[in-house]
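Observations on chain architecture
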Amino acid sequence: MTTRCHHPSADSGSPTSPAGLNPRIRESGQWAGKSHIAKAGNVLLHKALYLPAVVAKRYNPVIAAFCDRLLQSRGKCPMQDIVAAMRRLLHIAFGVLKSRQPFNPDHALA
């Protein structure tokens, strides 16, 4: 599976747009609607991140603490929590690949 995407909205600094995990904000003047995840992006990558996010939410202390904070303090629903975990996992993987350093949970919690 490839993670490269030549989609027009693909930002080289953020790995979330090619995966379809970036928020799509709907606003117009005074009106502010709900934000959803974008439908654009690599559907296979989006699907491949779902189950690892569910497992990481339960067993990875970094992701579990992040998800607990979202559920308790911000009142997010469970599916929003999973999408946030998918996004966080993608950022962690991108950071590990870009820096060529092993994952450091102490750095991720900071």
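Coordinates for the structure precede this section.
Report follows, based on the coordinates. (Residues numbered from 1 in each chain as written. Predicted model: local features only at pLDDT ≥ 70, side-chain atom pairs only at ≥ 80, totals over all residues. Heavy atoms only, no water.)

What to know about the overall build of the protein
Within the protein, the secondary structure is distributed over 5 helices and 4 strands. Starting at the N terminus and walking to the C terminus, you meet the elements of the protein as α-β-β-β-β-α-α-α-α. For the protein, the residues scored as buried account for 27% of the 110 residues in total. Taking contacts inside the protein between residues at least 6 apart in sequence as the whole, the part at least 24 apart equals 51%. (Helix = DSSP H or I, 4+ residues; strand = E, 2+ residues; numbered from the N terminus. Buried < 20%, exposed > 50% of the residue type's maximum accessible area, 1.4 Å probe, protein only. Contact = heavy atoms within 4.5 Å.)

Things to note about the packing of helix α2 (residues 43–59) against helix α4 (residues 78–99)
One can describe the packing of α2 onto α4 by two numbers: an axis separation of 8 Å at closest approach and a directional angle of 105°. The pairing of α2 with α4 is recorded here as roughly perpendicular in orientation. Each of H46, L49, Y50, P52, A53, V54, A56 and K57 in α2 lies in contact with α4, whose residues at this interface are P78, M79, D81, I82, A85, M86, L89 and L90. Tallied by class, the residues present in the contact of α2 with α4 amount to 13 nonpolar, 1 polar and 2 charged. (Axes fitted to C-alpha atoms, helices over the stretch in contact; angles between N-to-C directions. Parallel < 35°, antiparallel > 145°, perpendicular 65-115°, else oblique. Nonpolar A, V, L, I, M, F, W, Y, C, P; charged D, E, K, R; others polar.)

Here we look at the nonpolar core
If you look at the biggest cluster of nonpolar residues, it comprises 17 residues, and the most contacted ones within it are L21, L49, A53, I63 and M86. Of all elements in the fold, only α2, α3 (61–73) and α4 reach the threshold of two or more residues within this core. The element best represented in this core is α4, accounting for 8 residues. The residues touching M86, leaving out its near neighbours within four places in the chain, are L21, H46, L49, Y50 and A53. (Core = buried A, V, L, I, M, F, W, Y, C linked by side-chain atoms within 4.5 Å.)

Some words on the packing of aromatic side chains
Going through the model one piece at a time under the given rule, you end up with 0 aromatic pairs. When the ring centre of F66 is taken as origin, the NZ or CZ atom of R88, which lies over that ring, is 3.9 Å away. (Phe/Tyr/Trp six-rings, centres within 6.5 Å; stacked < 30°, edge-to-face > 60°. Lys NZ or Arg CZ within 6 Å of the ring centre and 35° of its normal.)

Observations concerning the pattern of salt bridges
One pass over the structure, following the stated rule, counts 1 salt bridge. Close ionic contact of K57 with D81 constitutes a salt bridge, the shortest N to O distance being 3.1 Å. Of the two residues, K57 sits in helix α2 while D81 sits in helix α4, which places them 24 residues apart along the sequence. Residue K57 is classed as partly exposed on the basis of its relative accessible area, which comes to 25%. (Salt bridge = Lys/Arg side-chain N within 4 Å of Asp/Glu carboxyl O.)

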